[in-house]
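Survey of secondary and tertiary structure
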Amino acid sequence: MALWKPKTSNNRRQTTAFVLVCSIGLLLLLWDSRRVLPVPSRATTTQYHSSVSAVAESPLPLHQQQQQHEYPQRPNGGDVDGDLSSARAPFIAWPLRRVCAETTYVPGLTFLCDNNSGGPGNIRNYILTCVRYAVDAGATALILPRIRSRSPNDPANLFREYQPFGYMFDEAHFRAGMAEACPRIATYASIEDVPGAQEKASREGRTVDKIVERVTPKNFGGSRAGCDQRDPNRHTDQFGAAFREHLRASAAEFGWAPSNDVDNPRLIRFSWGVLWDWPVQRDGAEFAATFGGLLRVRADILDLADAIVSSMRALAASTRGTEIIGGQSFLGVHLRTEADALSQWPSYENQTKNYLRQAASQGYQGRAAFLASGNSTEFHKFSKEANASLQLDVRSKYDMLDGHKEELAKLKTLSWDQQALVDFVVLLNCDYFVGVSPSSFSINVALKRHLKDEGMYTRPWKVGGQGDGRSWLVGRYGRYWEDWLFMFDGMWP
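Residues numbered from 1 in each chain as written. Predicted model: local features only at pLDDT ≥ 70, side-chain atom pairs only at ≥ 80, totals over all residues. Heavy atoms only, no water.

Quick notes on the packing of helix 4 (residues 94–102) against helix 5 (residues 120–137)
- At a minimum axis separation of 8 Å, helix 4 and helix 5 run at an interaxial angle of 35 degrees. Residues L96, V99 and C100 of helix 4 lie in contact with helix 5, whose contacting residues are R132, V135 and D136.
- Classifying every residue of the contact of helix 4 with helix 5 gives 4 nonpolar, no polar and 2 charged. (Axes fitted to C-alpha atoms, helices over the stretch in contact; angles between N-to-C directions. Helix = DSSP H or I, 4+ residues; strand = E, 2+ residues; numbered from the N terminus. Contact = heavy atoms within 4.5 Å. Nonpolar A, V, L, I, M, F, W, Y, C, P; charged D, E, K, R; others polar.)

Notes on the packing of aromatic side chains
- Under the definition given, this model contains 17 aromatic pairs.
- Taken together, F111, Y133, F220, F239, F243, F270 and W278 form an aromatic cluster joined through their ring pairs.
- Against the face of Y162 rests R146, its NZ or CZ located 3.9 Å from the ring centre. (Phe/Tyr/Trp six-rings, centres within 6.5 Å; stacked < 30°, edge-to-face > 60°. Lys NZ or Arg CZ within 6 Å of the ring centre and 35° of its normal.)

What about the sheet that holds strand 2 (residues 141–143)?
- The sheet built from 5 strands is open, its strands ordered 5-2-1-7-6 with parallel pairing. This sheet does not close on itself; its edge strands, each paired only once, are strand 5 (186–188) and strand 6 (212–215). Recorded for the sheet is a direction-independent mean angle of 30 degrees between the axes of neighbouring strands.
- Where strand 6 meets strand 7 (residues 266–270), 4 bridges bridge the pair, whose relative direction is parallel. (Pairing = 2+ DSSP bridges.)

What about the state of the cysteines?
- Per the stated rule, a full pass over the model turns up 2 disulfides.
- Shown here is the disulfide that connects C100 with C182, its sulfur atoms set 1.9 Å apart. Its S-S torsion of about 55 degrees marks the bond between C100 and C182 as right-handed, since a negative value means left-handed. Here C100 is found in helix 4, whereas its partner C182 is found in the loop between helix 6 (171–181) and strand 5, with 82 residues between them in sequence. Of the two residues, C100 and C182, both sit in the buried class.
- Each sulfur of the disulfide joining C113 and C130 lies 2.1 Å from the other. Taking the torsion about the S-S bond as the criterion, the C113 to C130 disulfide, at about -75 degrees, is left-handed. Remark: C130 occurs in helix 5 and C113 occurs in the loop between strand 1 (109–112) and helix 5; sequence separation between them is 17 residues.
- Classification of C130 by relative accessible area gives buried; the value is 0%.
- Once the disulfide-bonded cysteines of the protein chain are ranked by sequence position, their pairing pattern turns out to be 1-4, 2-3. (Disulfide = S-S within 2.5 Å. Buried < 20%, exposed > 50% of the residue type's maximum accessible area, 1.4 Å probe, protein only.)

A look at the pairing of strand 9 (residues 368–372)
- Within strand 9, 5 of the 5 residues are buried, which leaves the element mostly enclosed by the surrounding structure.
- Burial along strand 9 is two-sided: the face carrying A368, F370 and A372 and the face carrying A369 and L371 are both buried.
- Looking at chain direction, strand 9 and strand 10 (residues 393–395) are connected through 3 bridges and run parallel. Bridging across to strand 10, A368 finds its partner in D393.
- Between the parallel elements strand 9 and strand 10, the chain passes through helix 12 (residues 376–390) in a crossover that is right-handed. (Right-handed = clockwise from strand over helix to strand, strands pointing away.)

A few points about the pattern of salt bridges
- Taken as a whole and judged by the stated rule, the model has 26 salt bridges.
- A salt bridge links D300 to K410; the shortest N-O distance between them is 3.0 Å. One end of the pair, D300, is in helix 10 (residues 299–318); the other, K410, is in helix 14 (residues 405–413), and 110 residues separate them in sequence.
- For K410, a relative accessible area of 30% corresponds to the partly exposed category.
- Salt bridges sharing common partners tie together D114, R146, D209 and R269. (Salt bridge = Lys/Arg side-chain N within 4 Å of Asp/Glu carboxyl O.)

Describing unusual backbone geometry
- Here the bond from S437 into P438 is cis, since omega is 20 degrees, no more than 30 degrees from zero.
- Relative to the elements of secondary structure, P438 occurs in the loop between strand 11 (432–436) and helix 16 (440–449).
- One non-glycine residue, Q391, lies in the positive phi region at around 50 degrees.
- Turning to its location among the elements, Q391 is positioned in the loop between helix 12 and strand 10.

Observations regarding the side chain of T110
- Structurally, T110 can be placed in strand 1.
- Judged by its relative accessible area of 1%, T110 falls in the buried class.
- A distance of 3.2 Å separates a polar side-chain atom of T110 from the backbone oxygen of G108.
- T110 has contacts with A141, L142, I143, V194, R266, L267 and I268, leaving out every residue within four places of it along the chain. (Polar contact = N/O pair within 3.5 Å; in protein donor to acceptor, adjacent residues only side chain to side chain.)

Considering the side chain of R124
- Looking at the secondary structure, you find R124 in helix 5.
- An unpaired buried charge is present at R124: no salt bridge exists, and D83, the closest side chain of opposite charge, is 12 Å distant.
- Discounting chain neighbours no more than four positions away, the residues touching R124 are F169, G292, L295, N444, K448, W492 and P493. (Lys, Arg positive; Asp, Glu negative; His and termini not counted.)

Here's the deal with the confidence of the model for the protein chain
- Considering every residue of the protein chain, the mean pLDDT works out to 84; 82% of them sit at 70 or more.
- A low-confidence stretch, residues 1–9 (pLDDT under 50), is modelled with 0 contacts involving residues beyond four sequence positions or located in other chains.
- Overall, residues 26–80 carries pLDDT values under 50, and its contacts beyond four positions in sequence, including any with other chains, amount to 54 contacts. (pLDDT = per-residue confidence, 0-100.)

Side note on helix 8 (residues 236–254)
- Between the first and last C-alpha of helix 8 there are 27 Å, a value that for 19 residues agrees with the 27 Å anticipated at 1.5 Å per step.
- At the exit of helix 8 stands G255, carrying a positive phi of roughly 70 degrees. (Expected span 1.5 Å × (residues − 1).)

Looking at the sheet that holds strand 11
- Read across the open sheet, the 5 strands follow the order 10-9-8-11-12; overall the sheet is parallel. Two strands bound the open sheet, and with one partner strand each, they are strand 10 and strand 12 (471–474). For this sheet, the mean inter-axis angle between neighbouring strands, taken without regard to orientation, is 20 degrees.
- Packing against the sheet, helix 12 makes contact with strand 8 (331–334), strand 9 and strand 10, and its axis sits at approximately 165 degrees to strand 10.
- Lying on the sheet, helix 15 (residues 416–429) is in contact with strand 8, strand 9 and strand 11; it crosses strand 9 at an angle near 145 degrees.

As structure tokens, then:
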């Protein structure tokens, strides 16, 4: 009996043909779906991951999460957030709203963010850092921050009487931003307005200010043994839980009733000097780029700055252009040589030499420059040197308001630091900026200007490099603490 033998060659040919047909069909299917299905944009991807994270971590109900995470899209590759480098940029609330949705709230926990001092850069950063800590702690209330003013006769004397929030910033804008992003955190005008504060003080036989507890945030969540005390807080992820445990343990130790928002608040004021504590990139680039928008410079100062910018552009248009720079472009300069400048900072000679060299490299020979300085003697000295070497026409805010009697009169009524805010806004608008590290003013200007191109997706400033094409800072960059480089990690743009 003959055995049956399979037709191996025919079977193989059939199998090969079948696989080939299937492969071609699969490729056609994938090609067709590629044309039909949209490719997710960067904004869509960010939105998806943000929403998933918030729903997983936040104690709020799902329907509230869906309402709170309707993030803005980024159509056609452009930012919908506008120009975040502008002093008039709108506050974008969703990055802060996401953080507020993730915290564990403590009824009656109230933060006072008023232990600040210095110029606008320091004041601004202290308030923002304090608010960021307050959110993680679970605060349900903030006292509208007061601002410590300096002596009008001695700029180095930073600890004089308190001024209201409106001394520098737009109160309505701050309140609206907090209400939109963190609706569970109330903002009170004064400590006496906090529910139960006066009753608690009366029960304890003390004034209201005496029931405020002074704390240092780096004491909660971990240590950095062996590091300089100026090192940023490396345990911010643990701060909230550790601080709430401190509230519970201290209440148990002293026999206090749990805090509430009726008659038993816990009032917290931070120690001085925490302004650089929080690593600003810790919550993501979108948070770092938008959080500073909570503090908008007050409207009348913005108007003065706008008038100066307009005059500077008119002046620039009247000067002869170069192959690189033309039209209404003007240079912005910050000369930091006032009485409160530290001796180890770059000297007048160092700043001037490098500023003029950078101005030449950027094509500002024969052009116009706006100079911000609180030292009138060295302002005139710099102006003469700049004109002699580069034919650079250097002007101040007073020069540019010379023909505007009403605005000039208004400028003269402002304090030293209020006038510095005018300079700050003008420098945000210049076409190229040169400043000095480690001046918090210069760094703040440079980092805010750095938001111009990438908006919420802005990557960190490259410390010690050649700048970002819009700004450059002279300084020493070899030692992290001694050269104050920690400020770049803790400065909110």
